[in-house]
Amino acid sequence: MNHGFLRVAACAPSVRPADVEFNVCGIIDALRRMEEDKVELTVFPEMCITAYTCADLFHNTRLLDAASGALLRLRDLSRGMRGHFVVGLPIRYGGALYNCAAIVRSGRVDLVAKSYVPDYNEFYERRWWRPIPKGLTVRVDIGGEEVVMGNGRVFECHGAKVGVEICEDLWVPVPPSCRLAMGGAEVIANLSASDDLIGKYDYLRGLVGQQSARCICAYAYAGAGWGESSTDLVFDGKAVIAENGSILASNRRWDPKDNTVIADVDIEALRRERFHMTTFADCGANEDAESVVYERHARRGAFKWDEDEKLLRRVNPHPFVPSSADAMERRCDEIVNIQTAGLAKRLDAIGCRTLVVGISGGLDSTLALLVAVRAFDRLGIPRKGIVGVTMPGFGTTGRTHDNAVGLMEHLGVTAMEIPIADAVNLHFRDIGHDPSVHDVTYENSQARERTQILMDLSNRLGGIVLGTGDLSELALGWATYNGDHMSMYGVNAGVPKTLVKYLVNYFAMSETEGSDIRRLLLDIIDTPISPELIPAAASGEIVQKTEDLVGPYELHDFFLYYMLRYGFSRERIRFLARHAFDQSEYPDEVIDRWLGVFMKRFFQQQFKRSCLPDGPKVGSVCLSPRGDWRMPSDASPTLWMKP
């Protein structure tokens, strides 16, 4: 492994039924290419040494002898190779034949026999193969050499743990891979010869993806392809690699030239996910996973990545944001429904028909207002019960003010305007602060004055204050303690900043093209992110831009995702960021700088998260002190500050 990644390939080379020499040469050619690509584990199809469709020829000694000889030839070849591989072939033992996978590693061979041998529809494998009983381990003679055959075994591969199942094993109610995974296997290799039928491929991809999710593992599937007999069946040469529910790579079926996929599977992420999901180990104990045998192997000649080695997988620079338009629409619809349901339930539970929310003309308050309107509509409460308050201060620009006022007007909520400059200047005199000094006191006094207005107004109107702060601001502590940090319900608390604009755009696209509401929302999306606590430029433009001060939110959301979702170290987050972002935009020194800022602020600002108001969780990353994230406010950041 390198940087916690294992490079895996699924390969379906062309075969000829019963032509062992041709088939082995194809395997060898593929293995040489895999060595060049630094592949650590290559998975080939079921019966790839003989081809799967040999039928009654499997009972011919000449074919069986040739297959055994080919395996020994591959074993000898492996002594000079760094990569490990898994191939399929027939094995004789005790007067019966077994459908086996051979795990070949640096001159060593181990055998895993197929657990479930199908005998229905187009499959009549019981005519040739015997299923191996659970837990059976025997020693098999192959060309005068003794090899261990069995199931319930996990094999070491360049620091990762690999289990093997064969074709039908995946399709049964409890696949062997379940027990293998609970017994330690982090990668499952499936050697298959599943023929193609209408609709079967989509079903199979779903099955592979779901099994990788259920087992919290990587799953490499290689299916028989070009050259198999078409007497009754047709094989499309499937190669699929999945990881914890996601398909990392798949080939173009029916094309003999596109028969291999390679991906770097994240073993470190899988390991973290397993111990984080405490029920995984509980299930293993209940299902006798401790009986799974781990076969260690002395590592030799490990591949070493160059400094500029590219990961053979995509690292999404925006992990909270779906990559396709359809997925984005579904994600936005789901998030908005979660937010709306949470707020509606809170209003209904406390019998509240009045909501007070500060409207700045920025993204966060806009999203909160849009969700509030939807919640009121769902509950059948008149929108006038939503009291939107603009509170222009020293840094408020005409653009944000006009957008705030226009949005409230078009949504039909109650709009109020309460300027804060006079009250804040009076406060400055009371505490002896020079208003020409634009420091943290200057900024936070405005934020707390605004929150005081909202809180007191909600008391007078018999309502509650709706918070607008988002997940990214909570992570960075980019909120004034007991200012905009506080509310009675934080509807955006689970939404990262990189997703907020897409949610606002989701609402904009639901409006008629060219409508005033759509125009306002699109302009709000284009407005620079700012708390507007520092006076604007003479031209009226925003001077105080949040991302100039704390760093780009797309970087911080990336850091947040991988630190909380997977518990990665600073070094590993930096490594992933280098592969996710364009180096011309974010060179190493820029990533290092803002990663340091993120780590420092994340630890320093925990005290703000320890007393957050309630708010709906919408994704896998959440900072609620009552739910997903519990951390001492005085935890030391030393380990995470080291470059």
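Heads up: the structure comes first, above all this text.
Keep in mind it's a predicted model, so treat the numbers as computed, not measured.

Basis of the calculations
Residues numbered from 1 in each chain as written. Predicted model: local features only at pLDDT ≥ 70, side-chain atom pairs only at ≥ 80, totals over all residues. Heavy atoms only, no water. Phe/Tyr/Trp six-rings, centres within 6.5 Å; stacked < 30°, edge-to-face > 60°. Lys NZ or Arg CZ within 6 Å of the ring centre and 35° of its normal. Core = buried A, V, L, I, M, F, W, Y, C linked by side-chain atoms within 4.5 Å. Buried < 20%, exposed > 50% of the residue type's maximum accessible area, 1.4 Å probe, protein only. Helix = DSSP H or I, 4+ residues; strand = E, 2+ residues; numbered from the N terminus. Contact = heavy atoms within 4.5 Å. Axes fitted to C-alpha atoms, helices over the stretch in contact; angles between N-to-C directions. Parallel < 35°, antiparallel > 145°, perpendicular 65-115°, else oblique. Left-handed = near helix turned anticlockwise from the far one by under 90°. Nonpolar A, V, L, I, M, F, W, Y, C, P; charged D, E, K, R; others polar. Expected span 1.5 Å × (residues − 1). Polar contact = N/O pair within 3.5 Å; in protein donor to acceptor, adjacent residues only side chain to side chain. Pairing = 2+ DSSP bridges. Salt bridge = Lys/Arg side-chain N within 4 Å of Asp/Glu carboxyl O.

> In this structure, what is going on with the packing of aromatic side chains? I would like to understand it.
Tallied over the entire structure, the rule returns 28 aromatic pairs. Pairing phenylalanine 558 with phenylalanine 559 gives two aromatic rings, centres 6.5 Å apart and planes at 80°, and the pair type is edge-to-face. Sitting above the plane of the tyrosine 201 ring, arginine 253 keeps its charged end 4.0 Å from the centroid. A cation sits over an aromatic face here: arginine 565 above tyrosine 566, 4.9 Å from the ring centre.

> Help me understand the nonpolar core, please; the structure alone is not making it clear to me.
For soluble globular proteins, nonpolar side chains are generally found buried alongside one another. Within the largest apolar cluster, 50 residues are counted, with the highest numbers of intra-cluster contacts made by Phe44, Ile49, Leu71, Leu74, Val87, Leu111 and Met149. Looking at this core, the element that brings in the most residues is helix 2 (residues 61–78), giving 7 residues. Apart from residues lying up to four places away in sequence, valine 87 is in contact with Ile27, Phe44, Cys48, Ile49, Leu71, Leu74, Cys100, Ala101, Ala102 and Leu191. Core analysis: the next-biggest nonpolar cluster, separate from the first, contains 46 residues, Leu369, Val373, Val500 and Tyr506 among them.

> Quick question: what am I supposed to make of the packing of helix 1 (residues 20–36) against helix 2 here?
In helix packing, the relevant descriptors are the interaxial angle and the interaxial distance, both defined with respect to the helix axes. Running from N to C, helix 1 and helix 2 point in directions that differ by 20°, and their axes come no closer than 10 Å. Looking at the two axes, helix 1 sits roughly parallel to helix 2. The way helix 1 lies across helix 2 gives a crossing that is right-handed. Along the contact surface, helix 1 presents Val20, Glu21, Val24, Cys25, Ile27, Ile28 and Leu31, while helix 2 presents Leu63, Ala66, Ala67, Ala70, Arg73, Leu74 and Leu77. Of the residues assigned to the contact of helix 1 with helix 2, the class counts are 12 nonpolar, no polar and 2 charged.

> Sorry, what's going on with the environment of cysteine 54 here?
Inspection of the secondary structure assignment puts cysteine 54 in the loop between strand 2 (41–43) and helix 2. Classification of cysteine 54 by relative accessible area gives buried; the value is 4%. Counting along the chain gives 153 residues from cysteine 54 to leucine 207, while the straight-line C-alpha distance between them is 27 Å. Cysteine 54 has contacts with Pro17, Ala18 and Leu63, leaving out every residue within four places of it along the chain.

> What should I look at first to understand helix 11 (residues 440–461) in this one?
One full turn of an α-helix is made of 3.6 residues, so residues set three or four places apart face in the same direction. For helix 11, with 22 residues, the first-to-last C-alpha span of 31 Å sits near the 32 Å given by 1.5 Å per residue. N-capping of helix 11 is provided by aspartate 439, with a side-chain oxygen placed 3.2 Å from the backbone N of threonine 441.

> Would you explain the sheet that holds strand 1 (residues 5–11) in this entry?
Each strand in a sheet pairs with its neighbour through backbone hydrogen bonds, running either in the same direction (parallel) or in the opposite one (antiparallel). The strand order across the open sheet built from 8 strands is 6-7-5-4-3-2-1-14, with neighbouring strands paired in mixed fashion. The open sheet has two free edges, formed respectively by strand 6 (137–142) and strand 14 (260–266), since each of these has just one partner strand. Taking the axes of each pair of neighbouring strands and ignoring which way they run, one obtains an average angle of 35° across the sheet. In the sheet, strand 6 pairs with strand 7 (residues 145–150) via 6 bridges, with the strands oriented antiparallel. If you follow threonine 137 over to strand 7, its bridge partner there is glycine 150. On top of the sheet, helix 2 reaches strand 3 (84–93), strand 4 (96–105), strand 5 (108–113), strand 6 and strand 7; it is set at about 150° to strand 3, its chief contact. Along the sheet, helix 5 (residues 267–276) makes contact with strand 1 and strand 14, crossing strand 14 at roughly 50°.

> So what exactly am I meant to see when it comes to the pattern of salt bridges here?
Pairing between side chains of opposite charge can happen when the charged atoms of each approach one another. In this structure the tally under the stated criterion is 39 salt bridges. Here arginine 253 and aspartate 196 are joined by a salt bridge, their closest N and O atoms 2.7 Å apart. In this pair, arginine 253 is assigned in the loop between strand 13 (246–250) and strand 14 and aspartate 196 in the loop between strand 10 (187–192) and helix 4 (200–214), connecting sequence segments 57 residues apart. Given a relative accessible area of 22%, arginine 253 falls into the partly exposed group. A salt bridge links arginine 346 to aspartate 614; the shortest N-O distance between them is 2.9 Å. Placement of the pair is arginine 346 in helix 7 (residues 325–350) and aspartate 614 in the loop between helix 19 (606–609) and helix 20 (638–641), with a sequence separation of 268 residues. Residue classification places aspartate 614 among the partly exposed positions, given a relative accessible area of 29%. Shared partners join several salt bridges into a network, and the residues in it are Arg7, Lys38, Asp264, Asp306 and Glu309.

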